[in-house]
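Per-entry structural report
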Amino acid sequence: MGMTASRSRKPTLMTASELAGMILRKEQLFLLDVRNEGDYQNWRIEGDSITVMNKPYFELLDGVEAIVDECPRNQKLLVVCAKEGSSYFVAEQLMEAGITDVYYLQGGMKSWSEHIEPVKVGELKDGGVLYQFVRLGKGCLSYMIISDGEAAVVDAIRLTDAYEQLARENGAVIKHAIDTHLHADHISGGRKLAEASGASYWLPPKDAEETVFPYSRLEEGSPIAVGHSEIAIQPIYSPGHTIGSTSLLIEDTYLLSGDILFVASIGRPDLAGKAEDWVHDLRSSLYETFSRLDPELIVLPAHYGNRQELREDGSVMARLGDLFHSNPGLNIADQEAFRHAVTSGLPPQPHAYQEIRETNMGKLQPSESEQGDMEIGPNRCAIHDR
Amino acid sequence: MKNEIRGSQVLDCRGLACPLPIVKTKKAIDTMIAGEVIEVQATDKGSLADFKSWAGNTGHQYLGTLHDGDVLKHFIRKAAPDETRDEVHFAHVIDNAELQARLQQSDKAVVLDVREHAEYGFNHIPGAISIPLGELESRWSELDARTQIYVICRTGRRSDTACQLLHDRGLQVVNVIPGMAEWSGATEASARAE
C-alpha cells in the first residue's frame, strides 16, 4: 500500500433500507461483493440497475490494485460482505486508491437478509388496510391486516420491529399472529409477536404436532376477526408444502396462499422429508381447491423466487385466474408429470432447514446470532427456484 | 474424543470478526517456515469457508477444522514454493494403486506417513505410523528394520527425502507416489473433523 496524502475521507455507510430504495427505484449502483466465491454464487444482492463484481476480501489484503481499474468513478460503489467488517476494510482501501463515491453496507448480508419493506396492497372495508412486507434479501413475504385499531400479522419474519412500528403508526394493537404453515426457510416471528403484544398465535394443528408451546388452531371453518368491523380471515385447508398448510381468504378479495402457490411457481413438498406422500395433497390443493375459487382473487404468496416477480411498486401479487394460464406449476395436465416435477431435480434445500423447523416448533432455542446465521441464504421454497 | 491434532503454533482469533482472522493468519504465516502448521482459533462461523477458499488461492494447504464448543480450530500448512515439483530421486517407488492392492492382500504391510501431525490427524491410511519428516532423524530407530516400509507423504516429495534418509540407515523402504493428495483408498482421522 502506497503513501497517501490525506486519509480524512472515509467510506459512507449505507443501510439495508437505503439499498432497498435504490433497487426499487432502479438507481444505478456498482456493487462489489467481497465474500468468498461459494457464498456469492449461492446467494447475492440482485437488481435491474445493479452491476455486480465478486472479489473476496482475502485476495485484497495487500491492496486493491487488482480491481481498481474495473471500479467505476462516475457512480456509487457499494462494498458488501457477510457482516460489515471486511467491506469497510476494502472500502477504505478503494478510497485510498482514488475512488471517491464509496459506500459499505451496514450489517452486511446479515442485515440485508433481515430487512423488510412495507408496501400497501389495498384497502379493506371500513378503512381497513392490507400491507405486504417484502424481504428483498431472502424473498420472504409477510402481511399485516389493520382494521379499526386492531392488527393481524401473517407469516411474520424473525425480526418483528417493522410490524410493531407499522401497527404503532396506525394506532393499532396486534391481536393475531398467524403462520400459514410451519416454515422451513426462515425463523417465524409469530410467537414472539404474540408474546410481546398479548396476541393469539395461530398455527395449523397438523403442522403443530411436535410444537412445545400452546397455540390457537388455524382451521377451515373458524374465521379470525380483525377490528370491530370484523374483517374475516377465512382459513382454507390447502396441504402439500406441509401437511397443515392453510391459505387465508380475506374479504373474498385476497388469497394469502402461503407456500402452496407462488406467482411464478408452486411450493415444494419435500422439506419435511415427505415429498412422495404429499404430492397428491399438493396437486389437489392447487388443481381442485384453488381452481374452484373465484379467479378474480388476488394471490398474495409467502415467497417469491426471482426479482422478475416484483412489480413496479415493489409488491408481489397476481390475479388467480391469470396464474392458471401463466404459472408453469398450474399447467401440468398429467398426474405423473406433476409427480416428477415436484419430486425430482428440486433445487438445493434451504440452509439449515431442519434446525429452522425445530426452532419454529420450539424444540431448539438458538441464540440471536445463531438464528441470524441459520437464516443466511435464499429461501428456495418453490420447485422452480435455483 | 481426544483431540490429537496440533500445529506448531496457535493463533488466537477468538472474538474477532472478518477480515481480522485472515489478516492475522497471513501475517503469522509470513513468519513461519515452509511445511509448518498453524492452528487458528476463531469464533466467527463464516471464517470456515473463507479459510478454505483463501488457503486454496494462496497455495497454502488447508488441512481441516475441528469444532471445540463454540471455537473453530482451523489447521493450515504453509506451502513451500517448490512443493509440487516433480523431483523424485529415490529409485524404489510404487504408485498409490499398487500400495492399495498390497494393503488389501495383507494387513501386515507397514505404512509410514511422514507428513506433519496435523495433516496425519485429519486424514491418513488406517494403521499408518506417523513420524513427521522433521522428527525422522531422531526417531528412525522406532521402525522395524526387518520389514518393508511404504513411505508416504502428500505429493511424494517429503517421502522421497525420508526414503533416502532411512535407506542410508539400513531400512527397507519404498516411496509411494504420488501420495495422499491423490489417495483414493480407505482413510481415517484421529479426531472428529469437518
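Residues numbered from 1 in each chain as written. Chains lettered and ligands numbered in written order. Predicted model: local features only at pLDDT ≥ 70, side-chain atom pairs only at ≥ 80, totals over all residues. Heavy atoms only, no water.

The name an unreviewed UniProt entry assigns to chain B is Thiosulfate sulfurtransferase GlpE, from the organism Paenibacillus plantiphilus.

Using the following cut-off: UniProt positions are given in the numbering used here, feature names are shortened, and annotations may be inferred rather than shown by experiment.
Per an unreviewed UniProt entry, chain A carries the name Hydroxyacylglutathione hydrolase and comes from Paenibacillus plantiphilus. As recorded by UniProt, the Function (unreviewed entry) comment attached to chain A reads in full: "Counteracts the endogenous Pycsar antiviral defense system. Phosphodiesterase that enables metal-dependent hydrolysis of host cyclic nucleotide Pycsar defense signals such as cCMP and cUMP."

**As for the confidence of the model for chain B**
Residue and element names in this part refer to chain B. Applicable threshold: Values of pLDDT, ranging from 0 to 100, describe the predictor's confidence in every residue of the model. A run of H or I in DSSP counts as a helix once it spans at least four residues, and a run of E counts as a strand once it spans at least two, with each numbered from the N terminus.
A residue-level look at chain B finds 92% of positions with pLDDT of 70 or above and a mean pLDDT of 88. No element of chain B has a lower mean pLDDT than helix H2 (residues 47–58), which averages 87, and none a higher one than strand S6 (residues 110–113), which averages 96. In the model output, the complex is listed with pTM 0.75 alongside ipTM 0.71.

**Here's the deal with the state of the cysteines**
Put simply, the test is: Any pair of cysteine sulfurs within 2.5 Å is marked as a disulfide. Partly exposed residues are those whose accessible area sits between 20% and 50% of the maximum for their type, while under 20% is buried and over 50% is exposed, using a 1.4 Å probe and protein chains only.
Under the definition given, this model contains zero disulfides over all chains. Unpaired in terms of disulfides, A:Cys81 finds its nearest cysteine sulfur in B:Cys18, a separation of 7.4 Å. Owing to a relative accessible area of 16%, B:Cys18 belongs among the buried residues under this scheme.

**With respect to the UniProt feature "domain: Rhodanese" (unreviewed entry) in chain A**
The UniProt record annotates "domain: Rhodanese" (unreviewed entry) at residues 25–121 of chain A. Across residues 25–121 of chain A, helical content stands at 30% and strand content at 24%; the span's end C-alpha atoms are separated by 18 Å.

**Here's the deal with the domain arrangement of chain B**
Residues and elements named next belong to chain B. The line we're drawing: What marks off one domain from the next here is an automatic or database domain assignment. In this description, buried area is defined as the sum, over both parts, of the accessible area (probe of 1.4 Å) that is lost when the two are combined. Each reported salt bridge corresponds to a side-chain nitrogen of Lys or Arg within 4 Å of a carboxyl oxygen of Asp or Glu. Residues adjacent in sequence count toward polar contacts only when both atoms are side-chain atoms; beyond that, a polar contact is any pair of N or O atoms within 3.5 Å, and within protein one must be able to donate a hydrogen and the other to accept it.
As far as domains go, chain B holds domain 1 (9–77) and domain 2 (93–182). On a C-alpha basis, the centres of domain 1 and domain 2 stand 28 Å from each other. Carbon and sulfur atoms make up 67% of the area that domain 1 and domain 2 hide from each other, which totals about 610 Å². Contact with domain 2 buries surface across domain 1, with Gln 61, Leu 63 and Arg 77 losing the most and accounting together for 61% of the total. Where domain 1 touches domain 2, the interface holds one salt bridge. Inspection of the region where domain 1 meets domain 2 yields three residue pairs in polar contact (both at pLDDT 80 or more). Listed by contribution, the elements that provide at least two residues to the side of domain 1 that touches domain 2 are strand S3 (61–68) and strand S4 (71–77). Sort the elements by how many residues they give to the side of domain 1 that touches domain 2 and S3 lands first, with five residues.

**A word on the sheet that holds strand S15 (residues 246–250) of chain A**
All names here are of chain A. Inclusion rule: A strand pair is defined by DSSP finding two or more bridges across the two strands.
In space, the six strands of this open sheet follow the order S13-S14-S15-S16-S17-S18, with mixed pairing throughout. On the outer flanks of this sheet lie strand S13 (224–226) and strand S18 (318–319), each paired with one strand and no other. One ladder, built from three bridges, connects S13 with strand S14 (residues 231–237); its direction is antiparallel. Within S14, the residue paired with Val 226 across the bridge is Ile 231.

**Here we look at the domain arrangement of chain A**
When the parts come together, some accessible area is lost, and that loss is often what is quoted as the size of the interface. Residues and elements named next belong to chain A. So the rule is basically this: Only heavy atoms enter the contact rule, under which two residues are in contact if any of them lie within 4.5 Å.
With domains assigned, chain A is organised as domain 1 (12–111) and domain 2 (116–374). Of note, the centres of domain 1 and domain 2, computed from C-alpha atoms alone, are 32 Å apart. With ten residues of domain 1 at the contact, the number on the domain 2 side is nine residues. The interface formed by domain 1 and domain 2 holds three salt bridges in total. Measuring nitrogen to oxygen at the nearest pair gives 3.9 Å for the salt bridge that ties Asp 373 to Lys 83.

**A word on the pairing of strand S6 (residues 117–123) of chain A**
Residue and element names in this part refer to chain A. As judged from the six bridges shared by S6 and strand S7 (residues 129–135), these two strands associate in the antiparallel manner. When the bridges of S7 are listed, Val 119 appears paired with Gln 132. Counting the residues between successive antiparallel strands, the hairpin from S6 to S7 contains five residues, one of them, Asp 126, with a positive phi of roughly 55°.

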